[in-house]
Amino acid sequence: ANFEAELDRAVALGLHGVKLHPDFQAFNIDAPEALPMYRAIADRGLPILFHTGDDRTTYSAPHRLRNIADRFPDLVCIGAHFGGYHAWPEAVEYLKPCKNVYFDTSSSLPFLSRGQAETMLRDFGVERFLWGSDFPMWSPVTEYNMLAAMPFTQEEFEAITWHNAERFIGQEI
């Protein structure tokens, strides 16, 4: 399939993962047609970042990411936007138990209360979060400062801002 050649090309170029934005690409992330692609991504040991959650469509709803995580337990999935942009209760319900699902912080801190964000970070586990800014939508400096203002230990903050990402690319940053 063409996607297999493209994945091989990405690996040869030194890329360390795949991102899909189903709301822009207009497909359900758990569509049967996408499943062979996820198998190929997992077989190459690449993580996949999904834009997750939207209040306009259900293409990337957290329950759909759960379907993928359950079907491909060896696939490292990253649910952007705390696992569900404006669908955070659904993210907690469906994604918290998925040990192969990680989360990024992008485009969420301005919309979650500090208490909600802290609760989700603690409940999901700090080790499952990656700092993200969703640039150019938001300022990386602003997003970083919002995260830095939260009550983390230095070790937790460094885990979120870079050490957790090291696991996905197999080298120190």
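The paragraphs below set out a description of the structure included in this document. (Residues numbered from 1 in each chain as written. Predicted model: local features only at pLDDT ≥ 70, side-chain atom pairs only at ≥ 80, totals over all residues. Heavy atoms only, no water.)

## A few points about the sheet that holds strand E2 (residues 48-50)
The following threshold applies: Strands qualify as paired when DSSP identifies two bridges or more between them. Working definition: helices are DSSP H or I runs of at least four residues, strands are E runs of at least two. Numbering for both runs from the N terminus. A contact between two residues is defined here by any heavy atoms of the two lying within 4.5 Å. The axes are straight lines fitted to the C-alpha atoms, using for helices just the contacting stretch, and the angles between their N-to-C directions are given from 0 to 180°.
Here we have 5 strands laid out as an open sheet, ordered E1-E2-E3-E4-E5, and parallel in their pairing. Two strands in the sheet have a free side with no partner beyond their single neighbour: strand E1 (18-20) and strand E5 (129-130). Sheet topology places strand E4 (residues 101-104) next to E5; 2 bridges connect them, and they run parallel. Across the sheet, Asp 104 pairs through a bridge with Leu 130, a residue of E5. Sitting on the sheet, helix H4 (residues 62-71) touches E2, strand E3 (77-79) and E4, and the angle it makes with E3 is about 165°.

## Thoughts on unusual backbone geometry
Filter applied, for reference: Burial classification: accessible surface area is computed with a 1.4 Å probe over protein chains only, and a residue below 20% of its type maximum counts as buried, one above 50% as exposed, and the rest as partly exposed.
The phi dihedral of Phe 82 falls on the positive side, at around 60°, and the residue is not glycine. Note that Phe 82 resides in the loop between E3 and helix H5 (88-95). Even without being a glycine, His 86 presents a positive backbone phi close to 60°. Within the element layout of this structure, His 86 appears in the loop between E3 and H5. Taking relative accessible area as the criterion, His 86 reaches 36% and is therefore assigned partly exposed.

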